[in-house]
Amino acid sequence: MRLQLRRAPRRRDLVLVLLAGAATAVPARAGEHDHVTVRGAYYREASTRVVQPVVEVGKDLPYGFDLTATYLLDAITSASVAAGTTADSIFTELRNEVGLRAGWTPRWGRLTLAYRYSAESDYWSHGVAASALWRLWGDTATVGVAAGASFDGAWPRTRTPNCPTAMQLICRMRSYFGGANYTQIWSETFITQLAAEIGYIDGFQASLYRAVPNLGYEVVPSTRLRGAVTPRAAYYVPRTQTGFQLQYRYYRDDWSIGAHMVEGRVYQTVARDFEIRASYRYYAQTPADFWCDWMARPDCYGPSATVYTADPKLQHVSTSMPELKVTWDAVRWRGVPIFGWVAEGTFEASYARLFQNTSFGDAHLLQLGYTLPY
Amino acid sequence: MRETRQNAPHGSARPLFRLSSAPRLAVVLLLAVLSGLAGCGHAPPAVGVTRRAYLSKRAMRFDADPLETRFRQHMFGSREAADGGYGEPGGGCGCN
């Protein structure tokens, strides 16, 4: 979108309106959603590798409506012992996900409805969500609310599952979530946001394959209430063309897991069409109240235990992730015949190193993407 | 199901609230949002549409790349327990 608008400077006022809308999370008028994005992500840790290609197509429709369709494939080359399974499963696990989002952008804000379907060989999920957003205070603030639900089912390949309801062959899980956010523009270089979210999960929340020695497949509580608060701030220094973002997230649930996450980002424009983003994310959580380190103390779960888990992410977890990302608008290729329409798009590439204190081990994360407005 | 947890050893964390008081969490979150709204309830600074060029920068947009955000939610959701209530699908492969 930005490239199209650069080529039409007489539309500058319209550009500013559109981009200001994006800055306040209010998508702007016609043309904003017309895009094709192709992305790929590669995640690698000691015994798990994931390749995730994604395609997204967005299209503006008359009267302020728009549609966005997404297709995503997760190709997992191995489920891992590190994840708590009893043995590395040398298979290719595929997860297909399709999503469709419809939006309407009237003068006062925006409404969206979204549906998502995810399926793999032993798991499916239907998700629906709706959101509304209002512009306030002379278009210097927005208030948004969102709500949704997800309906999942899991069935194991090799065993009869321990579903919460006896005789069920498909273990079901329902989750509901809601959230609200407030975004305020304080000046032309300073913006803040406060977001809160709450979720409730009811049903089968364990892994189908993780097991605790002498006790069998893990059993975790069937309900979970969770909530989080996230303040964010962004500041831009025009003189050096440097932007800063800082966000903090506090999370709590009724499994006694409390978590803090803080992430800082620095954006530096290097040239008119080239930007570098350096970021650092730190996360720490307390363990679930029913977690015990059965690998270090094999008898820590007594024989009468009815809730037990081998899930590494329910212990004390701390992770940190430095990341470097470059974004390049391919405007310099304009006029070069062999590149043609490719020069109208934006390329991005990022590399991150994820350090984890759990048995998953450290990981590499590489992402590549290209977005073409049309 | 909850009361059966007494059969399992507890971790080092001491719960800040129990299930019976879980609605407090909703109240706390609601108060947090309302306090944020209250703090912003004054007349805001005028930032006209012609002065918003900087606000259009990626650095000033909290969701400049939704697909990247979604991938990160899914990735951290399989490695951390605080992935939130985004309705992320789980997985039978051990990702759950």
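The model shown is predicted, which means the values in this text are computed figures rather than measured ones.

Caption draft 1: Structural detail: the overall build of chain B. Helix and strand counts for chain B stand at two helices and zero strands. For chain B, the residues scored as buried account for 53% of the 96 residues in total. Accessible area for chain B stands at about 4,500 Å²; split by element, carbon and sulfur atoms hold 60% of it.

Caption draft 2: Region of the structure containing the overall build of chain A. Of the regular secondary structure elements, chain A holds two helices and 18 strands. Out of the 374 residues belonging to chain A, those deemed buried represent 54%. Excluding contacts between residues fewer than 6 apart, the proportion of contacts in chain A whose partners are at least 24 apart in sequence is 56%. Summing over all exposed atoms, chain A offers an accessible surface of approximately 16,300 Å²; the carbon and sulfur share of this is 65%.

Caption draft 3: Quick look at the confidence of the model for chain B. On average, residues of chain B score 64 in pLDDT, and 34% of them reach the 70 mark or higher. Scored as a complex, the prediction yields pTM 0.80 and ipTM 0.83.

Caption draft 4: Geometry of the pattern of salt bridges. Residues and elements named next belong to chain A. This structure, assessed with the given rule, holds 26 salt bridges over all chains. Measuring nitrogen to oxygen at the nearest pair gives 2.9 Å for the salt bridge that ties aspartate 202 to arginine 174. Taken together, the positions of aspartate 202 in strand S9 (residues 190-203) and arginine 174 in strand S8 (residues 171-187) put the pair 28 residues apart, joining distant regions of the chain. With relative accessibility at 40%, the residue arginine 174 sits in the partly exposed group.

Caption draft 5: Structural context of the nonpolar core. Counting 25 residues, the largest nonpolar core has A:Tyr251, A:Trp255, A:Ile257, A:Tyr283, A:Ala288, A:Phe290 and A:Leu314 as its most contacted members. Sorting the residues of this core by element identifies S8 and strand S14 (258-271) of chain A as the ones contributing at least two each.

Caption draft 6: Spotlight on the state of the cysteines. Residue and element names in this part refer to chain A. By the definition in use, this model includes one disulfide over all chains. In this model, cysteine 292 is linked to cysteine 300 through a disulfide, with the two sulfur atoms separated by 1.9 Å. Of note, the bridge from cysteine 292 to cysteine 300 carries an S-S torsion of about 55° and is right-handed in sense. You can call cysteine 292 buried: its relative accessible area is 3%. For cysteine 300, a relative accessible area of 8% puts it in the buried group.

Caption draft 7: Structural detail: the pairing of strand S16 (residues 317-329) of chain A. Residues and elements named next belong to chain A. With respect to burial, S16 is a largely interior element, ten of its 13 residues being buried. Where strand S15 (residues 274-285) meets S16, twelve bridges bridge the pair, whose relative direction is antiparallel. Within S16, the residue paired with alanine 278 across the bridge is leucine 324. By the bridge criterion, nine bridges tie S16 to strand S17 (residues 346-356) in an arrangement that is antiparallel. Within S17, the position partnered with glutamate 323 by the bridge is alanine 352.

Caption draft 8: How the structure looks around the packing of aromatic side chains. The tally for this structure, following the rule as stated, stands at twelve aromatic pairs over all chains. With 5.2 Å between their ring centres and 75° between their planes, A:Trp255 and A:Phe290 make a pair best called edge-to-face. With a gap of 35 residues between them, A:Trp255 in the loop between strand S13 (242-253) and S14 and A:Phe290 in the loop between S15 and S16 connect regions that are remote in the sequence. With a relative accessible area of 0%, A:Phe290 lands in the buried category. The ring of B:Phe76 carries A:Arg281 above its face, with NZ or CZ at 3.6 Å from the centroid.

Caption draft 9: Geometry of helix H2 (residues 66-77) of chain B. Residue and element names in this part refer to chain B. Taking 1.5 Å as the rise per residue, H2 with twelve residues should run 16 Å; its terminal C-alpha atoms sit 16 Å apart, in good agreement. Across the twelve residues that make up H2, a large majority, nine, are buried. Those residues of H2 that fall on the buried side of the exposure criterion are Leu67, Glu68, Phe71, Arg72, Gln73, His74, Met75, Phe76 and Gly77.

Caption draft 10: How the structure looks around the environment of A:Gly361. As for its placement among the helices and strands, A:Gly361 is situated in the loop between S17 and strand S18 (363-373). For A:Gly361 and A:Arg44, which are 317 residues apart along the polypeptide, the C-alpha to C-alpha distance reads 10.0 Å.

What counts, and at which threshold
Residues numbered from 1 in each chain as written. Chains lettered and ligands numbered in written order. Predicted model: local features only at pLDDT ≥ 70, side-chain atom pairs only at ≥ 80, totals over all residues. Heavy atoms only, no water. Helix = DSSP H or I, 4+ residues; strand = E, 2+ residues; numbered from the N terminus. Buried < 20%, exposed > 50% of the residue type's maximum accessible area, 1.4 Å probe, protein only. Areas by Shrake-Rupley, 256 points an atom, 1.4 Å probe, with all protein chains shown as cover. Contact = heavy atoms within 4.5 Å. pLDDT = per-residue confidence, 0-100. Salt bridge = Lys/Arg side-chain N within 4 Å of Asp/Glu carboxyl O. Core = buried A, V, L, I, M, F, W, Y, C linked by side-chain atoms within 4.5 Å. Disulfide = S-S within 2.5 Å. Pairing = 2+ DSSP bridges. Phe/Tyr/Trp six-rings, centres within 6.5 Å; stacked < 30°, edge-to-face > 60°. Lys NZ or Arg CZ within 6 Å of the ring centre and 35° of its normal. Expected span 1.5 Å × (residues − 1).

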